[in-house]
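Take a look at the letters that make up each chain.
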Amino acid sequence: MSSKNKKIFIVDDDSSVCLALKTLLMTFDFDVQTFNSAESFFAAVPNGEPGCLVLDIHMPGIDGWTMQQKILDSGSKRPVIFISAEKEENAANRALKVGAVGFLQKPVDGQTLVDLVNAFSEKNAGTVKQ
Amino acid sequence: MDLRAGNSQTTMKQEKKVIAEQRRRSRILKKIPVRVKAGEPKKTPDVLLKAATLNNLKETIRQQTNKIKVRNGQLRQGADREKIADLKIEEQREELLHVTRVGKLAEFVSSLAHEISQPLTAILSYAQAAQRMFAGREPALQEILQYIINDNQRATEVIRRLRLLLKKSHPVFEPIDISALINDTIALIMAHITVRNKVVKLKLESDLPFIQGDRIQLQQVLLNLISNSLEAMDENSDSRELFIRTARKDGETIIVEVKDSGCGIPAENMKKLFVHFFTSKPDGLGMGLSISRSIVEAHGGRLEARNNPDCGATFSFTIPVNRKNA
């Protein structure tokens, strides 16, 4: 499955993680945009804009769980993949329960992430529920 | 008129007193066995009376002395009770400190794991990106990138193990047969022991009461002590025997000893043995013994180490018996 031009948004408060994941995903020909907070993502990306979201859970301000809830509440069907450096009991189950398409423990393996993105970004994404 | 009557009443009273006193004396005298040796002048009743009074006095003193002794004992008991109460308060304070220490360690490891996972994520992503960028070219670079990825995985594995060790699961306290637990633990590590050409000798006291503890945590302590002992004996092929002994320390405590015939513990390391991140092994984490001690202390016991008089070291821990089964 081609990744050409598929859009991925990365939201992580760690700039280093953002840049590294962006560099990696770009080698798979994704169009990647990074944000260091939920607030900056919401300010820049309209609900309807297609694209898969790779979302860190623990962030100052709006955290990943809250951000995912906001996305659901807005009616967006944007696929969300949670990534976390914390080892949380049942975080993977919780992620799926709140409608995410995946949960990956950091450090994230590139190929696994790409497979997940490819599997779900087709169904996409950003279309607003009517 | 009245005076006379009054006088006669006074006289009568005095007479009555005298009579009563005489009766009292005669009563006392009757009670005293008169022992007069031949040749001795017969003791007069007055002397005997004095002796009787003296005896009475002695008896009173003896009774008072006894009362004082009893009271003294009571006071001493009170002081002892106070001392015991003080000790208990001290113990509880220490227990609280230990619990705090275990909690702090878990908290510390959790935040450490998080802080390290972030740069590890970046390193892995960069290395994988570079591998893809140079795919099919630059074999030497590819090899180096693979080394970076491998070591990244090694660091990730260390974090995973640390997290597993300090998993914030609530300990399940249940009655445990410590001898059975030791046997189960040996079974787990037997292959490891055999490969190293070592022998385990068990001296487990029979009919020990059950202890109260978390099976997995205590097994973790045993595994840690046993594998440390095996490693200590690795340097010397002559030292082969590992002794594990259980015994009753007192009515309420059981002691478990793991004794090796290895290299022993250098004096300068003795004090640092249980300090987090202290290790004398080239690839050690310095977590095993500090975690083991935290576990034992959370069970209300103590973990200690000493060098044996001949060679090697002995680690011993105490664990309280389950009161219901004691």
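Presented here is a report on the structure given in the accompanying data block.

A few words on the interface of chain A and chain B. Listed per partner, the contact involves 15 residues of chain A and 18 residues of chain B. With six residues, the top contributor of residues to the side of chain A that touches chain B is helix H1 (residues 15-26) of chain A. In terms of residue class, the side of chain A that touches chain B is built from seven nonpolar, four polar and four charged.

Comment: phi is negative for the bulk of residues other than glycine, and the bulk of peptide bonds are trans. Following Lys106 of chain A, the chain continues to Pro107 of chain A via a peptide bond in cis, the omega torsion being -5°. Topologically, Pro107 of chain A is positioned in the loop between strand E5 (102-105) and helix H5 (110-121). Of note in this structure, Asp29 of chain A is not a glycine but carries a positive phi near 70°. Examined against the element boundaries, Asp29 of chain A turns out to sit in the loop between H1 and strand E2 (31-35). Residue Glu138 of chain B is not a glycine yet carries a positive backbone phi of 45°. Tracing the backbone through its elements, the reader meets Glu138 of chain B in the loop between helix H2 (45-133) and helix H3 (139-165).

Residue and element names in this part refer to chain B. Reading across from one edge, E2-E4-E5-E7-E6 is the order of the five strands in this open sheet, with mixed pairing throughout. Pairing within the sheet leaves two strands with one partner each, and these edge strands are strand E2 (199-204) and strand E6 (303-307). Between one strand axis and the next, the sheet turns through 20° on average, direction left out of account. Looking at chain direction, strand E4 (residues 241-250) and strand E5 (residues 253-259) are connected through seven bridges and run antiparallel. Looking across to E5, one finds that Ala247 is bridged to Ile255. Lying on the sheet, helix H4 (residues 178-195) is in contact with E2, E4 and E5; it crosses E2 at an angle near 175°.

On to the sheet that holds E5 of chain A. Residue and element names in this part refer to chain A. Taken in spatial order, the five strands line up as E2-E1-E3-E4-E5 in an open sheet, and their pairing is parallel. The open sheet terminates on both sides in strands that have one partner only, identified here as E2 and E5. Along the sheet, successive strands turn relative to each other by an average axial angle of 20°, direction set aside. Strand direction decides the pairing type here: strand E1 (residues 7-11) and E2, joined by five bridges, are parallel. Each bridged residue has a counterpart across the sheet, and for Val11 the counterpart in E2 is Phe35. Against the sheet, helix H3 (residues 64-73) engages strand E3 (52-56) and strand E4 (80-84), with an angle of about 150° to E3.

Rules behind the numbers
- Residues numbered from 1 in each chain as written.
- Chains lettered and ligands numbered in written order.
- Predicted model: local features only at pLDDT ≥ 70, side-chain atom pairs only at ≥ 80, totals over all residues.
- Contact = placed C-beta atoms within 7 Å.
- Helix = DSSP H or I, 4+ residues; strand = E, 2+ residues; numbered from the N terminus.
- Nonpolar A, V, L, I, M, F, W, Y, C, P; charged D, E, K, R; others polar.
- Pairing = 2+ DSSP bridges.
- Axes fitted to C-alpha atoms, helices over the stretch in contact; angles between N-to-C directions.

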